[in-house]
Structure formats: structure tokens, C-alpha cells
Amino acid sequence: MDLKRWLTEAALAVQDWQEGFGGYAPHESMQVSDERFGAAFAELASRLTDNYPFFHPAYAGQMLKPPHPAAVAGYLAAMLINPNNHALDGGPATAAMEKEVVSQLAAMFGFREHLGHLTTSGTIANLEALYVARESHPGLGIAYSAEAHYTHGRMCGVLGIEGTTIGTDEAGRMDVSELDDLLAGGRIGTVVATAGTTGLGAIDPVHEVLAVARRHGVRVHVDAAYGGFFTLLAGQGGPAALDPAPWQAIAGCDSVVVDPHKHGLQPYGCGAVLFADPAAGRFYLHDSPYTYFTSGELHLGEISLECSRAGAAAAALWLTFRLLPPSPDGLGQVLAAGRRAALDWAALLRSSADLDLYQQPELDIVCYFPAGQSRSAAAIDAASARVMQAGMSDPDEAVFLSTLRVSAGAFRRRRPDIAADSGEARILRSVLMKPEHEAFVPRLHARLEQLARRAG
Ligand SMILES: Cc1ncc(COP(=O)(O)O)c(C=O)c1O
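Read on for an overview of the structure.

Cut-offs applied
Residues numbered from 1 in each chain as written. Predicted model: local features only at pLDDT ≥ 70, side-chain atom pairs only at ≥ 80, totals over all residues. Heavy atoms only, no water. Helix = DSSP H or I, 4+ residues; strand = E, 2+ residues; numbered from the N terminus. Buried < 20%, exposed > 50% of the residue type's maximum accessible area, 1.4 Å probe, protein only. Phe/Tyr/Trp six-rings, centres within 6.5 Å; stacked < 30°, edge-to-face > 60°. Salt bridge = Lys/Arg side-chain N within 4 Å of Asp/Glu carboxyl O. Near = heavy atom within 4 Å. Areas by Shrake-Rupley, 256 points an atom, 1.4 Å probe, with all protein chains shown as cover. Nonpolar A, V, L, I, M, F, W, Y, C, P; charged D, E, K, R; others polar. Core = buried A, V, L, I, M, F, W, Y, C linked by side-chain atoms within 4.5 Å. Pairing = 2+ DSSP bridges. Axes fitted to C-alpha atoms, helices over the stretch in contact; angles between N-to-C directions. Contact = heavy atoms within 4.5 Å. Expected span 1.5 Å × (residues − 1). Polar contact = N/O pair within 3.5 Å; in protein donor to acceptor, adjacent residues only side chain to side chain. Right-handed = clockwise from strand over helix to strand, strands pointing away. Parallel < 35°, antiparallel > 145°, perpendicular 65-115°, else oblique. Left-handed = near helix turned anticlockwise from the far one by under 90°.

### Notes on the environment of Leu 12
Alright, step 1. Assignment of secondary structure puts Leu 12 in helix α1 (residues 3–19).
Alright, step 2. A relative accessible area of 44% places Leu 12 in the partly exposed class.
Alright, step 3. Leu 12 sits 134 residues away from Ala 146 along the chain, and the two C-alpha atoms are 51 Å apart.

And the structure:
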């Protein structure tokens, strides 16, 4: 796709539409000469170089990458109109697109019915799910694993709900027998299962969580903000295939969150929350004397906590899904490449003398640490920091990583020979979310072995 061409086409298409409304003089208060714009823009372009190269496979750090060019063109075209998906009065076309993409997401998770909408982020999407949890089971708490995203504990505080943390097993997945004991106490109304934890990419056993929760009459929300699109690999063939059990179980849960701005190739500003029971809409009832006037149909603002939301985000996702639909042979192929990259790298790390694998990756996150050190938490922490620093500041062949802080206890569960001479240690963490990572893994590995040898 020639992005420059399609950005121009996007601007022209909107201009064509605008011209149909007749000419008018733009107000002088907003006039800017090309010369002044050029100078300011040059400054912006220069400031933007102070960034990490998220687009490049040598960036193997956090969950970050640029959007697909189709998303950029779709976003730009809609942004020039700037619809607000709060209400049909603010953006009928993009509100309709939002309903279509939300239906595609619901179908991806196997929801027979649904009520849902896009959100600004995974944080807001989860807040909405926890809000509905509180409203449907007033007075009861929410449980989530110790590896769940920090937002759950934080938002329980915001919502005035008691949040309870459940321990995890040796792979960072929710301990279901501990959950069972907790639910027997009768104080929990909703359990949050995470399908792809932020740190390790671990998949809570959603099917087991669901069975236990239902036995106790407890709701289940699935936080699949990061991992949700991996459901496209569930039960597929090839090395990237995932055990379908936890993913198929999502269809029987009460709500799910997925972030198209993570694995859905979208720019930031695109999360989604889906409820299996459309009656969840009753918790959103509110009056708005200044909106909801052009149509008696459902306005998205009537079923969301946010008011203004970018219609452009819906347009970008809609256009992307036209080209790479959320199906195993569409977007699934993009995720499969990242997953294969993680598996390939894990195999190299297992047989390396310089680096060691922290645990087998379940999705596309690989965690590892320099191996040539004294096997102590403090030494590994310092060596990991040195490797990351040296990699990022190398003028010739930079690599960009992130770190993960793990407790000495969690480390020793995986590697009992590690001395717990400090309470926690930083290890290295790479999210291989670009399909280009697959071809790049041998280079990345060789480069990191070199850095680890030097850091020793
Ligand atoms: C599992 C999970 N939940 C929630 C979030 C928060 O999402 P956002 O950063 O879009 O607010 C993240 C972000 O990484 C995540 O991985």
C-alpha cells in the first residue's frame, strides 16, 4: 500500500464531499501561511525523532507498533470530518461502522448476543466491565490474579469495590483451587480472568475459572485487552496454534475486553468492551437533554460511560477489518507470525550459554535473562539493566528491550538454583508483536548473546 498516495486520496475524498455544501470563506483568525506552517512543522518533525523505533523489528520491547497504513488512511479520512461517536447526532456513519466492528469482535469471541462499544482504551473498557460487575452484584467484591493488569485493583478503588488478589501457578496463571476457596466465602460477585497477562503473556484457564465461578453463582469478566485477538489461533494448525479450551470458554463468560490498539493494528484510542447479556444496558441509563435527538435508534453514548469518542477510531478499525478481518486467515496470520517468532526465540534461548529463558511463552511475549552471571537475583537484575542499556545506546546496531520486575520467589519457582539475595530482580522482556519479528529473531538473538557476554 502506498501510504502517501492514500493519504492524499483520503483528503481528496473528504474535500469532494465538503464541496457539495457550497463555498464559504475560512475565518482569518485561523489562517496560517505555508511558510509559518513549514517552520513549525519542521520543529515537530525534529522533536518526533526523540522516539524509539517502534516500527522496526529491532524494537523488541513493550507492546508498541505503528498502526496499519489502512488504519492511518481510514483514521485521517474520518478525522477530517471529526465525528463524535457518542451519539448518532455526532456521527451517524462512524457510529454504524462501530456497531459493525463490535459485532465482528463479538462473533470472534463466539458471543451469540452482545451489547458493546469501542472505548478510548483497555483501561476504560475494563472500568466499564467492573462498573457493570458492581451494579449487577452490589455489595460483592471482585477477584483477579496477582498477574492481572494493575488497572483492576486501581479501578476497584475508584468504584469503591473490594478487590481481592488470587495467587498464580508456576507459569503465572490464576490458581483455580485458591479461587474456589475464595468464592466459597461468598464475598465475591465477579472474577476477572486474564487471557494474556501484560507481563508474561500467561493465559488464565478461563474454562476452569468459568466452571468454578458458575458453581458459586459468580460472574466472569475476561480481560483480553492484550491477548484477545490470539483467539484467532485457537485450535488452528501449525506451530502457532493455541489450546482452544480457554478461548472457547470466553463465549460463556459475562464480558470481555479487547484492545484493537494493541493487536488489532490500530492507533491508540481504540479499546472495546462486550457484554454477553444485552440487558447490561440498563446500568447505563442516563438523561442527556442536549444529545440523542436525531434518531430513536440506539446511540452509543447511551451504553457507554464515556461521552465524546473519536468516530475516526471506528472508521480506522472498520477499514482495517475490510482488508484484514478478525479471522484465522486474515488478522490471524499477523498474530501467528509473532507467535512463531516467540517460539523460535524461546528455542534459541533454551540452548544458549549466554541467555536463559524465564518461562515458555504462551503468546508472543518472551522473558529471558543473562545466564553467564552468578545465579543470584541481584546479579541478574544488574546484568539485565546493563544489557538493556548497552543495546539501546549502541550507535551501530541498537536493540530496544523492556524489563519486567519479578519477585525472587517467582524466580525461584522457575529456577530453584537462583539465590534470593534481593527481594526482586529485573529480567528482560520482549513483545514480538510485529510479524517482521519472525525473520528477525536470529539476528536479535545473536545481538543479545553478544550484549549478554559483554555484560557478564
Ligand atoms: C491485560 C491488560 N489489561 C488492561 C490493559 C490496559 O490497557 P490500556 O493501556 O489500553 O489502557 C493492558 C495494557 O497493556 C493489558 O495488557
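### Some thoughts on the packing of aromatic side chains
Alright, step 1. What the rule picks out here adds up to 13 aromatic pairs.
Alright, step 2. Relative to Phe 54, the ring of Tyr 52 lies with its centre 6.4 Å away and its plane at 65°, an arrangement referred to as edge-to-face.
Alright, step 3. Among the residues examined, Tyr 52 registers a relative accessible area of 44% and is labelled partly exposed.
Alright, step 4. According to the relative accessible area criterion, Phe 54 is partly exposed, its value standing at 21%.
Alright, step 5. These aromatic residues form a ring-pair network of at least three members: Tyr 52, Phe 54, Tyr 59 and Phe 400.

### A short note on the pattern of salt bridges
Alright, step 1. Taken as a whole and assessed by the stated rule, the structure comprises 18 salt bridges.
Alright, step 2. Linking Glu 362 and Arg 173 is a salt bridge whose minimum nitrogen-to-oxygen distance equals 3.6 Å. Here the residue Glu 362 occupies a position in the loop between β8 (355–357) and β9 (365–370), and Arg 173 occupies one in the loop between β3 (163–166) and α7 (176–184), the gap between them amounting to 189 residues.
Alright, step 3. The salt bridge involving Glu 438 is made with Arg 340; its shortest N-O contact spans 2.7 Å. Taken as a pair, Glu 438 in helix α15 (residues 437–455) and Arg 340 in helix α12 (residues 331–350) lie far apart in primary sequence, 98 residues in all.
Alright, step 4. Residue Glu 438 is classed as partly exposed on the basis of its relative accessible area of 26%.

### Overview of the site of the ligand
Alright, step 1. In the vicinity of the ligand lie 14 residues, with Thr 123, Thr 198, Asp 223, Asp 259 and His 261 positioned nearest.
Alright, step 2. Protein coverage of the free-state accessible area of the ligand, which is 400 Å², stands at 86%.
Alright, step 3. Those elements giving two or more residues to the shell around the ligand turn out to be α5 (122–136) and α10 (260–263).
Alright, step 4. Tallying contributions element by element places α5 first for the shell around the ligand, with three residues.
Alright, step 5. When its residues are assigned to classes, the shell around the ligand shows three nonpolar, eight polar and three charged.

### Considering the nonpolar core
Alright, step 1. Val 222, Phe 229, Trp 247, Phe 411 and Ile 427 are the most contacted members of the largest nonpolar core, which totals 72 residues.
Alright, step 2. Formed by 27 residues, the second largest nonpolar core is a distinct cluster that contains Leu 115, Cys 156, Leu 159 and Ala 280.

### Things to note about the sheet that holds strand β11 (residues 424–431)
Alright, step 1. On the basis of which strands lie adjacent, the open sheet formed by four strands has the order β8-β9-β11-β10 and antiparallel pairing. Both outer strands of the open sheet, β8 and β10 (402–407), are each paired with one neighbouring strand and no more. Strand-to-strand, the axes of this sheet are offset by a mean angle of 45°, without reference to chain direction.
Alright, step 2. Examined bridge by bridge, β10 and β11 share six bridges and lie antiparallel to one another. Considered in β11, the bridge of Ser 402 is made with Arg 429.
Alright, step 3. Contacting β9, β10 and β11, helix α13 (residues 377–393) crosses the sheet at an angle of about 40° to β11.
Alright, step 4. Here α15 sits on the sheet and contacts β8, β9 and β11; the angle it forms with β8, its principal contact strand, is near 125°.

### So, α5
Alright, step 1. Across its 15 residues, α5 extends 21 Å between first and last C-alpha, which sits within 8% of the 21 Å expected from 1.5 Å per residue.
Alright, step 2. Where α5 begins, the side chain of Ser 121 points an oxygen toward the backbone nitrogen of Thr 123, at a separation of 3.3 Å.

### Comments concerning the environment of Ala 211
Alright, step 1. Tracing the sequence through the fold places Ala 211 in helix α8 (residues 206–215).
Alright, step 2. Residues Ala 211 and Ala 249 lie 38 residues apart in sequence; the distance between their C-alpha atoms is 9.3 Å.

### Considerations on the pairing of strand β6 (residues 255–258)
Alright, step 1. Neither face of β6 is exposed, since Ser 255 and Val 257 on one face and Val 256 and Val 258 on the opposite face are all buried.
Alright, step 2. Pairing analysis gives four bridges linking strand β5 (residues 219–224) to β6, with the strands arranged parallel. Of the residues in β6, the one forming a bridge with Ala 224 is Val 258.
Alright, step 3. Taking the sense of rotation as the criterion, the β-α-β connection linking β5, helix α9 (residues 244–249) and β6 turns out right-handed.

### Examining the packing of α7 against α8
Alright, step 1. Remark: α7 packs on α8, axes separated minimally by 10 Å, with the N-to-C direction vectors making an angle of 15°. One way to sum up the angle between α7 and α8 is to call them roughly parallel. Here α7 and α8 pass one another in a crossing that is right-handed. Together, Val 176, Leu 179, Asp 180 and Leu 183 of α7 and Glu 208, Val 209, Val 212, Ala 213 and Arg 215 of α8 make up the contact between the two elements.
Alright, step 2. Looking at the contact of α7 with α8 residue by residue, the classes come out as six nonpolar, no polar and three charged.

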